[in-house]
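Take a look at the letters that make up each chain.
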Amino acid sequence: MRKYITGILTALMVVSIGSTSLTAEAAAWHAGTPKALRGSWSWYAAQKVDPGWDTFHISAHKMVSQGRGNPRMGYHKLRYRSLGHGKYQIRAYGPSSPMPPRHAG
């Protein structure tokens, strides 16, 4: 009788462990930028110490930022991951020196 109960308990454990579903997740980091972030973004940073405009220009594989008297900086090899609810984390490589200023004309 004891062997019979031990066998049933072992079988139930194997079935319950085997029936647990393993969820698969997509790759955490994706190349490029999400379509929701592409375009030109600017906002006014109303700080007491250093107020001014910050801008970002984001394309599929490049990003350029400039803000409050700082030089334009270009970034490449962009990678992103979704943090949920329209939030993203972006990784990028930047140049060792600032980009030249943009000339009108």
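As the structure is a prediction and not an experimental result, all values here were calculated from the model.

Hey, could you run me through the side chain of D54 in this one?
Turning to its location among the elements, D54 is positioned in strand β3 (residues 52-58). Only 3.1 Å separates the side chain of D54 from the side chain of R68, close enough to count as a polar contact. Non-local contacts of D54, meaning those with residues more than four positions away in its chain, are made with W41, S42, W43, A45, Q66, G67 and R68.

I tried to follow the pattern of salt bridges on my own but got confused; where do I start?
Between side chains of opposite charge, a pair can form as their charged atoms come close. Counted according to the given criterion, the structure contains one salt bridge. Among the ionic pairs, D54 bridges to R68, the shortest N-O distance being 3.1 Å. Taken as a pair, D54 in strand β3 and R68 in the loop between β4 (63-67) and β5 (73-84) lie far apart in primary sequence, 14 residues in all. D54 gets classed as buried once you look at its relative accessible area, which sits at 11%.

Just checking my understanding: could you explain the packing of aromatic side chains for this structure?
When we look at a pair of aromatic rings, we describe it by the centre distance and by the angle of the planes. Scanning all chains against the criterion turns up three aromatic pairs. With 5.5 Å between their ring centres and 70 degrees between their planes, Y44 and W53 make a pair best called edge-to-face. Classification of W53 as exposed rests on a relative accessible area of 53%. Note on Y80 and Y88: the rings are 5.9 Å apart at their centroids and 75 degrees apart in plane angle, and the pair reads as edge-to-face.

Where do I start with the pairing of strand β6 (residues 87-93) in this structure?
Within a regular strand, side chains alternate between the sheet's two faces. The pairing of β5 with β6 spans six bridges and is classified as antiparallel. Paired with R81 across the bridge in β6 is Q89. The turn linking β5 back onto β6 is made up of two residues, and H85 within it adopts a positive phi angle of 55 degrees.

Which parts of the structure should I look at to understand the environment of K62?
Topologically, K62 is positioned in the loop between β3 and β4. Its relative accessible area of 55% is what places K62 among the exposed residues. Among all residues touching K62, those that are not within four sequence positions of it are H57, Y75 and L78.

Rules and cut-offs
Residues numbered from 1 in each chain as written. Predicted model: local features only at pLDDT ≥ 70, side-chain atom pairs only at ≥ 80, totals over all residues. Heavy atoms only, no water. Helix = DSSP H or I, 4+ residues; strand = E, 2+ residues; numbered from the N terminus. Polar contact = N/O pair within 3.5 Å; in protein donor to acceptor, adjacent residues only side chain to side chain. Contact = heavy atoms within 4.5 Å. Salt bridge = Lys/Arg side-chain N within 4 Å of Asp/Glu carboxyl O. Buried < 20%, exposed > 50% of the residue type's maximum accessible area, 1.4 Å probe, protein only. Phe/Tyr/Trp six-rings, centres within 6.5 Å; stacked < 30°, edge-to-face > 60°. Pairing = 2+ DSSP bridges.

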